[in-house]
Number of protein chains: 2
Amino acid sequence: MSQDIPVTGYAILGLLTFGDELTGYEIKQRADVTLRFYWVSPAMSQIYTELRRLSDRGLVVADVRRDGGREDGREVTTYAITDAGQEALRAWMDQTPAGFPVLKHPVLLRLLIGHVTETEQTRQMLHDYVAELDQALADLSAVRESLRGADEPGQPFRFPSLVADWGLDYFDAEKRHTRLALASLGETGPEGETATA
Amino acid sequence: MSQDIPVTGYAILGLLTFGDELTGYEIKQRADVTLRFYWVSPAMSQIYTELRRLSDRGLVVADVRRDGGREDGREVTTYAITDAGQEALRAWMDQTPAGFPVLKHPVLLRLLIGHVTETEQTRQMLHDYVAELDQALADLSAVRESLRGADEPGQPFRFPSLVADWGLDYFDAEKRHTRLALASLGETGPEGETATA
DNA sequence: ACAGCCATGTAACTCGTTACATGATTAC
DNA sequence: GTAATCATGTAACGAGTTACATGGCTGT
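Residues numbered from 1 in each chain as written. Chains lettered and ligands numbered in written order. Predicted model: local features only at pLDDT ≥ 70, side-chain atom pairs only at ≥ 80, totals over all residues. Heavy atoms only, no water.

Now for the overall build of chain A. Summing up its helical and strand segments, chain A has 7 helices and 4 strands in all. In chain A, the succession of helices and strands from N to C terminus is α-β-α-α-β-β-α-β-α-α-α. By the burial criterion, 47% of the 197 residues in chain A qualify as buried. For chain A, contacts bridging at least 24 residues in sequence account for 58% of all contacts bridging at least 6. (Helix = DSSP H or I, 4+ residues; strand = E, 2+ residues; numbered from the N terminus. Buried < 20%, exposed > 50% of the residue type's maximum accessible area, 1.4 Å probe, protein only. Contact = heavy atoms within 4.5 Å.)

Structure (structure tokens):
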């Protein structure tokens, strides 16, 4: 029937299962704080394209409204998941294998061919990565905190909390690995210096 | 000059810095055992496309040869990185930021919306994931072992070893996280049973 | 003889991105 | 008044995939 929907489509559908009617713009914002860590943050244009597709298949309903009710006001379209959408999402979850994660890790890719450049350059890259990880950790921590109070079994944010904790641990592990790599490069680099951070 | 090369192009270029002349087919095999874990394993057609591009820009040289030297034999094309290729790769490493990793994690995506399906279904997914992680760990361990003996500073496989160790640790951490999630689901699931594995 | 691997490529297509275009609303 | 944010879309394009097509070589 409707298995020709990209995963991102189901991801958007999933965002709509948390109870609210959302505009495309709001979906983008939600994606930026959640999906972005373990899937992608789709471009606005992609979101509108996907909403169009979901709407065509009856998996979401669009609700066009005049902002503020005025005749000349701005048109705002909110989307809600339909029963058919719930079923399609459920069928996807239950009947298609999740698949193995794909990691596009430019830091590891460059580390792999570290012999092509100076050790100092590689160290710099790793330091930069740590800084970006700190930022990601801060962002994700904030999200995780915002779920407190509704993260127990039976409560709405149980699963998002589980995922956020997993993500936090993952970023921590990345920091550890980066530091280990830095240590390995620092101890035995061409120059006699040790790691600086 | 030549910054219109996709990352996968540089990745292929990188594979050619380890000393051998490789055919497109062999590049695919190398990618399947190394790149696949932290970048992607490009399709054959993508590899040939990329080799064509690199060749057009003079970053690799193609060496067309008759297999076995016979006039009617099969044509085999091997590729080697050129000096210009080394420079381009180095320039890319030194002058463009690596960028933050992108993780496409269907297991986490589905766990996030776990409330859509039965807990048992989610548990099943996590169990399957553990099995796949075991496979990945076995594969990567084999690669890592094959690097032993040339993984010290100054030796050719120092950086690949560093990356392999990082990867092994990462997969271990994923297993841990999966078990934690399973525990969390098992203890408090709707049915009174505990986790089965 | 035949299966399986080695080897190379083209064509069609999809996902997703960036750039462009438009305009209303809100906060300062 | 004007900058930032809210809101929606189109067009062009690029990276990468699957399907298709071809054919030689190797082991049994």
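After presenting the structure, the write-up continues.
Chain A puts 63 residues into the contact, and the matching count from chain B is 63 residues. Carbon and sulfur atoms supply 70% of the area that chain A and chain B bury against each other, a total of about 6900 Å² over both sides. Applying the counting rule to chain A against chain B returns 1 salt bridge. There are 28 residue pairs in polar contact (both at pLDDT 80 or more) connecting chain A and chain B. For the side of chain A that touches chain B, the secondary-structure elements that each account for two or more residues are helix H1 (7–15), helix H4 (83–95), strand S4 (102–104), helix H5 (106–112), helix H6 (119–147) and helix H7 (158–188) of chain A. A class-by-class count of the residues in the side of chain A that touches chain B yields 40 nonpolar, 13 polar and 10 charged. (Buried area = accessible area lost by both parts, 1.4 Å probe. Salt bridge = Lys/Arg side-chain N within 4 Å of Asp/Glu carboxyl O. Polar contact = N/O pair within 3.5 Å; in protein donor to acceptor, adjacent residues only side chain to side chain. Nonpolar A, V, L, I, M, F, W, Y, C, P; charged D, E, K, R; others polar.)

Attention now goes to the protein's contact with DNA strand D. Residues in close proximity to DNA strand D total 21 residues, the closest being A:Tyr25, A:Tyr48, A:Arg74, B:Ala43 and B:Gln46. Within the side chain of B:Ser45, an N or O atom sits 3.0 Å from a base oxygen of DNA strand D. Here a phosphate oxygen of DNA strand D and a side-chain polar atom of B:Gln46 are 2.8 Å apart. (Near = heavy atom within 4 Å.)

Close contacts around DNA strand C come from 21 residues, with A:Ala43, B:Tyr25, B:Tyr48, B:Arg74 and B:Thr77 the closest. Taking B:Tyr48, its side chain carries an N or O atom lying 2.8 Å from a phosphate oxygen of DNA strand C. Within the contact set of DNA strand C, a phosphate oxygen lies 2.9 Å away from a backbone nitrogen or oxygen of B:Thr77. Elements that contribute at least two residues to the surface near DNA strand C include exactly helix H3 (44–56) of chain A together with helix H2 (24–33), helix H4 (44–56) and strand S3 (75–81) of chain B. For the surface near DNA strand C, a count of residues per class yields 6 nonpolar, 10 polar and 5 charged.

Residue and element names in this part refer to chain B. Pairing geometry for strand S1 (residues 22–23) and S3, over 2 bridges, is antiparallel. Its bridge partner lying in S3, Thr-23 is registered against Thr-78. When strand S2 (residues 60–66) meets S3, the two strands line up antiparallel, connected through 7 bridges. Counted as the bridge partner of Val-60 is Ile-81 from S3. (Pairing = 2+ DSSP bridges.)

The two copies are related by a screw motion: chain A maps onto chain B through a turn of 180 degrees and a shift of 0.0 Å along the axis, at an RMSD of 0.0 Å. Such a combination of rotation and displacement between the chain copies is what one expects of a two-fold axis. Across chain A, the smallest distance between a C-alpha and the rotation axis is recorded for A:Leu103, namely 2.4 Å. The share of interface residues of chain A whose copies in chain B are also at the interface is 100%, consistent with both copies meeting through the same surface. (Least-squares fit on C-alpha atoms with pLDDT ≥ 70 in both.)

The sheet built from 3 strands is open, its strands ordered S1-S3-S2 (chain B) with antiparallel pairing. Taken across any chain shown, the strands that pair with only one partner, and hence form the sheet edges, are S1 and S2 of chain B.

Another aspect to go through is the domain arrangement of chain A. All names here are of chain A. In terms of domains, chain A is made up of domain 1 (7–95) and domain 2 (106–188). Distance between the C-alpha centres of domain 1 and domain 2: 29 Å. On the side of domain 2, 9 residues touch domain 1, which itself brings 5 residues to the contact. Note on domain 1 versus domain 2: buried area summed over both sides is about 520 Å², and carbon and sulfur give 80% of it. Ranking the residues of domain 1 by area buried against domain 2 places Phe-18, Phe-37 and Tyr-38 at the top, with a combined share of 74%. Counting every contact that joins domain 1 to domain 2 gives 1 salt bridge. Here Arg-36 and Asp-139 are joined by a salt bridge, their closest N and O atoms 3.1 Å apart. Our count for the domain 1 to domain 2 interface comes out at 1 residue pair in polar contact (both at pLDDT 80 or more). Residues belonging to the side of domain 1 that touches domain 2 are distributed by class as follows: 4 nonpolar, no polar and 1 charged. (Domains from an automatic or database assignment.)

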